[in-house]
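Analysis of the macromolecular model
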Amino acid sequence: YNFCFSDVVPLLKLNLRNKDGKDWNVNSLDLKCKGVNIEKQKAGVEITWQGIRDANNVAQFDFRVKGELKERGLVYWRFHYTPLTNDYTLRDITFPILRIKADNESNFLHPAWGGRLFPNPLQNEEFDRRIGSMGRSYFEYPGGYGIPMQFVSIYTKESGFFFSSFDGEGYYKIISV
C-alpha cells in the first residue's frame, strides 16, 4: 500500500478561532510552519506539522495525523492537536479531503435520505437532482436529512472505496460529498 499526497488537493483543513471570535482557516497546502515530518511506517504513515504559524508569524500549534493500515485494507486515522499558545482554539477538522472519479460502472452509496444507492451517478437523473444540482452537499451526523449511517461508498464490480467514521459515541460530524 502507498499513502499518496497531492500538491493540488489539501489533505486536511483546520478551523480555529481566537479569543476575539475571529476565525482562522488553515489547509495543509497553504500553512506556514517550522517543519513537516512525514514518517512512513510498516503499515502506515505519521505526518507532523510543527510550529504552525499565524498571520503574525507566531507559532500557535503542532498538529499530527497518524494513519494505520489495519485488516482488510482499512486505514484508521488519529489526530493530535498540541497548542503552543492560548491564542486559538481548534473548532473543527476537515479530513481526509479526497477526489475520487466515478465512471459509468460505478455505484455510489450516499448516507442521506435514509441511505440511497445511486447506480452510475454520472448519468443518474435522481443523483443529479439530489446531489449534482447542489454542487457540494454537507450532511450532519447525527441529525439532518435522515442520515442513519456514518459512511459513504463508491464501488464497481472489481473494487471500491469505503469511508466511515469509527465512532461508538456518535459524536457530531459532517459528511461532505
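As a starting point, this report considers the structure included with it.

1. Observations regarding the layout of surface pockets
Counted as a void, the second largest pocket has a volume near 210 Å³. Lining the second largest pocket are Asn18, Lys19, Lys22, Asp23, Trp24, Asp54, Ala55, Asn56, Gln60, Asp87 and Tyr88. In terms of residue class, the lining of the second largest pocket is built from three nonpolar, three polar and five charged.

2. Re the pairing of strand S4 (residues 44-53)
The buried fraction of S4 is high, at eight of ten residues. Where strand S3 (residues 35-41) lies against S4, seven bridges are found, and the strand directions are antiparallel. Each bridged residue has a counterpart across the sheet, and for Asn37 the counterpart in S4 is Thr48. Pairing of S4 with strand S5 (residues 59-69), which is carried by eight bridges, proceeds in the antiparallel orientation. Within the sheet, the bridge partner assigned to Thr48 lies in S5 and is Arg64. Hairpin connection of S4 to S5: five residues between the antiparallel strands, including Asn57 at a positive phi of 65°.

Analysis parameters
- Residues numbered from 1 in each chain as written.
- Predicted model: local features only at pLDDT ≥ 70, side-chain atom pairs only at ≥ 80, totals over all residues.
- Heavy atoms only, no water.
- 1 Å grid on protein atoms, 1.4 Å probe; cavity = no way out; pocket = protein on both sides within 12 Å on 5 of 7 lines; lining within 4 Å.
- Points joined across faces, edges and corners; volume = space filled by probe spheres on them.
- Nonpolar A, V, L, I, M, F, W, Y, C, P; charged D, E, K, R; others polar.
- Buried < 20%, exposed > 50% of the residue type's maximum accessible area, 1.4 Å probe, protein only.
- Helix = DSSP H or I, 4+ residues; strand = E, 2+ residues; numbered from the N terminus.
- Pairing = 2+ DSSP bridges.

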